[in-house]
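Overview (structure and organization)
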Amino acid sequence: VSLKDISQSHKSLIMRPDDANIVGNVHGGTILKMIEEARCIIGTRHCNTQTGDRCVAALARVERTDFLHPMFIGEVAHVSAEITYTSKHSVEVQVNVLSENIVTGAKKLTNKATLWYVPFSLQNVAKIVEVPPIEYSSPEQEEAGKKRYEAQKLERLETKERNGEIIMSVSLPEPYTVAFSQSSLIHLIGPSDCTLHGFVHGGVTMKLMDEVAGIVAARHCKTNIVTASVDAINFHRKIKKGCVITISGRMTFTSNKSMEIEVFVDADPLVEAEKGKYRAVTAFFTYISLDKDNKPHPVPPLKLEGEEEQKRFEEGKARYLQNKAKRLADKERQQ
């Protein structure tokens with residue numbers, strides 16, 4: 001088996017009614033789960049090409065993920081993954097998702113994602129094993145990968161400072177406020193959610209996060225909504241089988257056509273209750289509102305209450321403007 005075969009992976013799945021919302025748009029969480037499963041194959045396969053401890057690649061972070069085009073029931077999703085950078089203890093995997101209309105043969109690029117993994121020993125889950133290096137086509141490619149690695153490492157450290165925040169429930173809130181649309185979902189991590197080593201699949205967590213973010217968006221605008229993008233998803237701590245997880249979402253920012261929802265995942269280890277609850281995953285999801293013809297529909301403005309909500313709104317606005325500028329720059333480069 002060649003190094004190129006080991007560092008690449010391909011997967012195809014037909015989209016079924018259970019994968020989509022009531023109007024036929026495939027859930028963003030379904031696509032995120034497929035992306036994570038593709039990387040699980042390639043990451044774990046690569047990290048076991050060397051002698052020593054057998055290991056499994058655990059998801060540590062998902063970079064911003066844009067949903068470029070909607071996918072529908074009956075279409076085939078083609079997921080391809082490739083390892084693009086390795087450090088001593090982490091692997092960067094880049095994933096592309098194509099949708100294929102099997103009647104017309106038309107194909108569209110729907111998603112591009114970058115994920116980071118850390119390999120843990122199967123003999124000792126507290127032990128992080130070293131990653132076999134990959135071959136780069138040029139020194140410039142390796143240097144670009146190193147810069148991405150350092151940037152995501154710094155941002156992961158910064159997000160840990162926010163991990164003390166808790167979303168509080170409020171009774172009888174006013175419509176279009178943060179409290180009105182904020183939502184939570186509680187899920188018991190069972191065997192089917194986990195790897196053979198007893199830790200939850202990152203894709204399972206991301207799908208639940210997308211569901212909660214979708215509920216928040218739908219409550220706010222009362223229309224059909226779809227995932228537009230996902231900012232970096234940070235996996236701070238592993239979640240074991242038997243944990244009860246609470247996925248909480250709150251609206252942080254609205255523009256005329258989009259909504260940003262912050263999502264937290266808190267884990268409560270029932271068997272090891274003395275360890276207490278902990279913040280496991282955090283992310284920002286962006287949704288857009290659609291009318292009956294699947295065209296963008298105006299989003300009601302978010303009513304802010306208090307300095308904290310105003311601060312989060314301004315931070316969300318800054319992310320929105322930064323991402324908008326990046327999209328325009330990317331579009332100019334492609335012309």
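Residues numbered from 1 in each chain as written. Predicted model: local features only at pLDDT ≥ 70, side-chain atom pairs only at ≥ 80, totals over all residues. Heavy atoms only, no water.

1. Regarding helix H2 (residues 28–47)
The terminal C-alpha atoms of H2 lie 28 Å apart, and with 20 residues this matches the ideal 28 Å at 1.5 Å per residue to within 8%. Burial runs high along H2: 16 of the 20 residues are buried. (Helix = DSSP H or I, 4+ residues; strand = E, 2+ residues; numbered from the N terminus. Expected span 1.5 Å × (residues − 1). Buried < 20%, exposed > 50% of the residue type's maximum accessible area, 1.4 Å probe, protein only.)

2. Regarding the packing of aromatic side chains
If you walk through the whole model with that rule in mind, you get six aromatic pairs. Between tyrosine 85 and tyrosine 136, the aromatic rings sit 6.0 Å apart at their centres with planes inclined by 35°, giving tilted as the arrangement. Separated by 51 residues along the polypeptide, tyrosine 85 in strand E4 (residues 76–86) and tyrosine 136 in the loop between strand E6 (107–121) and helix H3 (139–159) bring together distant segments of the chain. With 5.9 Å between their ring centres and 50° between their planes, tryptophan 116 and tyrosine 149 make a pair best called tilted. A residue pair is termed long-range when its members are at least 10 positions apart, and tryptophan 116 in strand E6 and tyrosine 149 in helix H3 qualify at 33 residues. Like tryptophan 116, the residue tyrosine 149 is buried in the burial classification. Here a set of aromatic residues connected by ring pairs shows up, and it is made of Tyr85, Trp116, Tyr136 and Tyr149. Sitting above the plane of the phenylalanine 120 ring, lysine 238 keeps its charged end 4.0 Å from the centroid. (Phe/Tyr/Trp six-rings, centres within 6.5 Å; stacked < 30°, edge-to-face > 60°. Lys NZ or Arg CZ within 6 Å of the ring centre and 35° of its normal.)

3. Here's the deal with the nonpolar core
In this structure, Met209, Ile233, Ile239, Ile247, Met259, Ile261 and Phe285 are the most contacted members of the largest nonpolar core, which totals 71 residues. Of all the elements, helix H5 (residues 202–221) adds the most residues to this core, at nine residues. Dropping the residues within four chain positions of it, phenylalanine 285 is found in contact with Leu32, Met206, Met209, Asp210, Ala213, Thr227, Ser229, Val230, Met259, Glu260, Ile261 and Val263. (Core = buried A, V, L, I, M, F, W, Y, C linked by side-chain atoms within 4.5 Å. Contact = heavy atoms within 4.5 Å.)

4. Regarding the confidence of the model for the protein
When pLDDT is averaged along the protein, the result is 90; 94% of the residues meet or exceed 70. The least confident element of the protein is helix H1 (residues 3–6), whose mean pLDDT is 49; the most confident is strand E10 (residues 243–254), at 97. (pLDDT = per-residue confidence, 0-100.)

5. Considerations on the environment of arginine 237
Here arginine 237 is to be found in the loop between strand E9 (233–235) and E10. By relative accessible area, which is 47% here, arginine 237 ends up partly exposed. A sequence separation of 30 residues divides arginine 237 from alanine 267, and the C-alpha atoms of the two residues are 9.3 Å apart. Once residues lying within four places of it in the same chain are set aside, the contact partners of arginine 237 are Tyr278, Arg279 and Ala280.

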